[in-house]
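Listed below, chain by chain, are the residues.
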Amino acid sequence: MSVAWLGATRPRSLAPVLARLSPPTENLSWYTRRFSGSQRRPLSSRPLLTLAIESSCDDTCVTLLEKDHGAGRGAARLLFDKKITSDNRQFRGVRPITAVASHTQHLAGMVREAMRALPDAGVMETRDEATSGDVVWVDGRPRRKPDFVTVTRGPGMMSNLSTGLNTAKGLAVAWGVPLLAVHHMQAHALTPRLVSALEAGKRKRAQKEGQTQIGEQDKPPSRDQTPEQVLTPAFPFLSLLVSGGHSLLVLSRSLTNHSILAEAQNIAIGDMLDKCARDIIPASELAASNGVMYAAHLERFAFPNGPSDYAYTPPPTRAEEIKIYDPGFGWKLTPPLSESVDMSFEFAGLNGQVIKVMLENPDMELAERRLIAQHTMRLAFEHLASRLLLALSKSGVAYEGKGKGEDSTLLRDVRTLVVAGGVASNRYLMHILRGILDVRGYSHIELVCPPLPLCTDNGAMIAWTGMEMYEAGWRSELDVLAIKKWPLDPNSEDGGILGVPGWKNVEETKS
Ligand code: AMP
Ligand code: ZN
């Protein structure tokens, strides 16, 4: 049995504590033993450590992330990162009840595994240290207790979210540490900042081991720099969050302020591509998919040799961009919202067109199937790009509303477009976006895409969001509930990330 102190306060006398400890009282000398591994460091210089849980859909994710604060506060390191995806293939899509069963089956075991990866609590020479509230016992060894627990609160499927949330609450109470119940889409938007912090962490470790010289970017930040100035991309930046449940163009002004410039009117782009893929890819080949991310399979099917198959010419004008695609096989595809400049995405129409073509041509040849796969993706991705261009050219209707002037000014300062969410792992999407930005006069905008495992749902992005929120003073109350629909935009009716009940800010309380 392992023991963690209940509550944050350290017990005054060792006796009652020893009675509860493992290893039991016959081994009273544990607190003078030297444990291998890291030396204990004063609290102030130690990295922050969080255990994070993500369970909003079909992935059960548990992550341990540590991040420097104080000097060098941009550097982070993953100590544990595991994901188990429930098998929904027989339902040809995510079935909530199957996903919940998988969360329930795996989450506790994954937390136990993560606890074994907690940093060694190091040298414990005094009674004070031995009884310190920042130690948790795992398999009879003292380990560093996480400083807080992070979990996805929403948006997502209620029962799925609640499985993770309840486990996180239990851990926070047992360890006597704060709970951070965070927004899943905020986490996708912040992922590139996690990537830069992980890279800084890698460089820092390499320097320590004498493998590299200190570069300009590795100099510790000066004291008056805020974490926001140290981390990249700096605010403001634009994000395309494209996943199985979302298609959003977001202007991120700060940690908690993410304005939605365009969102899907109906189905999300990932969902649409998954549905098209099920009809385009021959059934025999589809059966070999090792999951329900059929859109990933569609990319491989459309371009079997990868980027060398692309042959893509970016449309130099809006008129070229909205041309109907007619390959001469008796079917056509019309680009979404070609008649309007509404700041929204519409994918159900293109989905319907593709499904109709496939229904009417059940014996379609492989080469023709490849063609429709390529052009379905092209039209969907150019539609994303069209709203991005409208935003950048400030001609979209989004600017007729609140904050018009401010958004226009901010957009001129934007130097980075982040593409995140599961669909961001599509290399053809990145190729199209780069091509269109270049040909339409936005070559100064850098495209940033997190590495594949951080593009789809993952625990690391949740842990990172917890880190940034924690450092900004935010904590969650223990009575918070999961939220199925949780708008990201602070101008939405619900007030965005901070508009929901359950947040408190310890920095504001202090001042
Ligand atoms: P998420 O909801 O962020 O976990 O992302 C999952 C969605 O991303 C699903 O709809 C996947 O099919 C989609 N997806 C994953 N890989 C790709 C890819 N290579 N191309 C397009 N969509 C993808
Ligand atoms: Zn997601």
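Just so you know, these numbers come straight off a predicted model, no measurement behind them.

Check the secondary structure of the protein and you find 17 helices and 15 strands. The contacts of the protein with a sequence gap of at least 6 include a subset with a gap of at least 24, amounting to 72%. Split by element, the accessible area of the protein, about 22400 Å² in all, is 52% carbon and sulfur.

A word on the pattern of salt bridges. A complete count under the given rule lists 18 salt bridges for this structure. The shortest N-O distance in the salt bridge between lysine 504 and glutamate 477 comes to 3.8 Å. Of this pair, lysine 504 sits in strand S15 (residues 503–505) while glutamate 477 sits in the loop between strand S14 (474–476) and S15; the two residues are 27 residues apart in sequence, bridging distant segments of the chain. According to the relative accessible area criterion, glutamate 477 is partly exposed, its value standing at 31%. One network of salt bridges, in which partners are shared, links Arg318, Glu321 and Arg440.

Take the nonpolar core next. If you look at the biggest cluster of nonpolar residues, it comprises 66 residues, and the most contacted ones within it are Leu238, Leu249, Phe381, Leu417 and Val419. When residues no more than four places from it in sequence are discounted, the contact partners of phenylalanine 381 are Ile269, Leu273, Val423, Asn426, Tyr428, Leu429 and Ile432. Counting residues in each nonpolar core, the second largest holds 41 residues, with Phe235, Val250, Leu255 and Trp464 among its members.

Around the zinc ion (ligand 2), the donor atoms from the protein are His184 (NE2), His188 (NE2) and Asp457 (OD), and they sit 2.1 to 2.2 Å away. Judged by its relative accessible area of 15%, aspartate 457 falls in the buried class.

Omega for the peptide link from glycine 154 to proline 155 comes to -10°, which places this bond in the cis form. Inspection of the secondary structure puts proline 155 in the loop between strand S6 (148–154) and helix H4 (158–175). Unlike most non-glycine residues, alanine 311 shows phi in positive territory, near 50°. You can see alanine 311 is positioned in the loop between helix H9 (294–302) and helix H10 (318–321). Phi angles above zero are rare outside glycine, and leucine 337 is one such case at about 45°. Looking at the element boundaries, leucine 337 is found in the loop between H10 and strand S11 (344–345).

At a closest axis distance of 9 Å, the pairing of helix H7 (residues 269–280) and helix H11 (residues 348–360) adopts a crossing angle of 5°. In terms of orientation, H7 lies roughly parallel with respect to H11. Where H7 abuts H11, its residues Met272, Lys275, Cys276, Asp279 and Ile280 lie against Leu350, Asn351, Val354, Ile355 and Met358. Tallied by class, the residues present in the contact of H7 with H11 amount to seven nonpolar, one polar and two charged.

At their nearest, the axes of helix H12 (residues 366–392) and helix H14 (residues 427–439) sit 9 Å apart, and the two run at 40° to each other. By the angle between their axes, H12 is oblique relative to H14. Taken as a pair, H12 and H14 cross one another with a handedness that is right-handed. Of the residues in H14, those in contact with Gln374, Met377, Arg378, Phe381, Glu382, Leu384, Ala385, Leu388, Leu389 and Leu392 of H12 are Tyr428, Leu429, Ile432, Leu433, Ile436 and Leu437.

So, on to the environment of leucine 371. Following the sequence through the fold, leucine 371 ends up in helix H12. For leucine 371 and proline 327, which are 44 residues apart along the polypeptide, the C-alpha to C-alpha distance reads 8.5 Å. Once you skip the residues sitting within four places of it in the chain, leucine 371 turns out to touch Tyr325, Pro327 and Phe329.

Before going further, it helps to spend a moment on the pairing of strand S8 (residues 237–242). Counting buried positions along S8 gives six out of six residues, so the element sits mostly inside the fold. Covered by surrounding structure in S8 are Phe237, Ser239 and Leu241 together with Leu238, Leu240 and Val242, the residues of both alternating faces. In textbook terms, the turn of a hairpin is the stretch between consecutive antiparallel strands, and for S8 and strand S9 (residues 247–252) this stretch comprises four residues. Examined bridge by bridge, S8 and strand S12 (residues 416–420) share four bridges and lie parallel to one another. Looking across to S12, one finds that leucine 238 is bridged to leucine 417.

Cut-offs applied
- Residues numbered from 1 in each chain as written.
- Chains lettered and ligands numbered in written order.
- Predicted model: local features only at pLDDT ≥ 70, side-chain atom pairs only at ≥ 80, totals over all residues.
- Heavy atoms only, no water.
- Helix = DSSP H or I, 4+ residues; strand = E, 2+ residues; numbered from the N terminus.
- Contact = heavy atoms within 4.5 Å.
- Areas by Shrake-Rupley, 256 points an atom, 1.4 Å probe, with all protein chains shown as cover.
- Salt bridge = Lys/Arg side-chain N within 4 Å of Asp/Glu carboxyl O.
- Buried < 20%, exposed > 50% of the residue type's maximum accessible area, 1.4 Å probe, protein only.
- Core = buried A, V, L, I, M, F, W, Y, C linked by side-chain atoms within 4.5 Å.
- Donors = N, O, S within 2.8 Å, 3.2 Å for Na, K, Ca; no water.
- Axes fitted to C-alpha atoms, helices over the stretch in contact; angles between N-to-C directions.
- Parallel < 35°, antiparallel > 145°, perpendicular 65-115°, else oblique.
- Nonpolar A, V, L, I, M, F, W, Y, C, P; charged D, E, K, R; others polar.
- Left-handed = near helix turned anticlockwise from the far one by under 90°.
- Pairing = 2+ DSSP bridges.

By themselves, these figures tell us nothing about what the structure is for.
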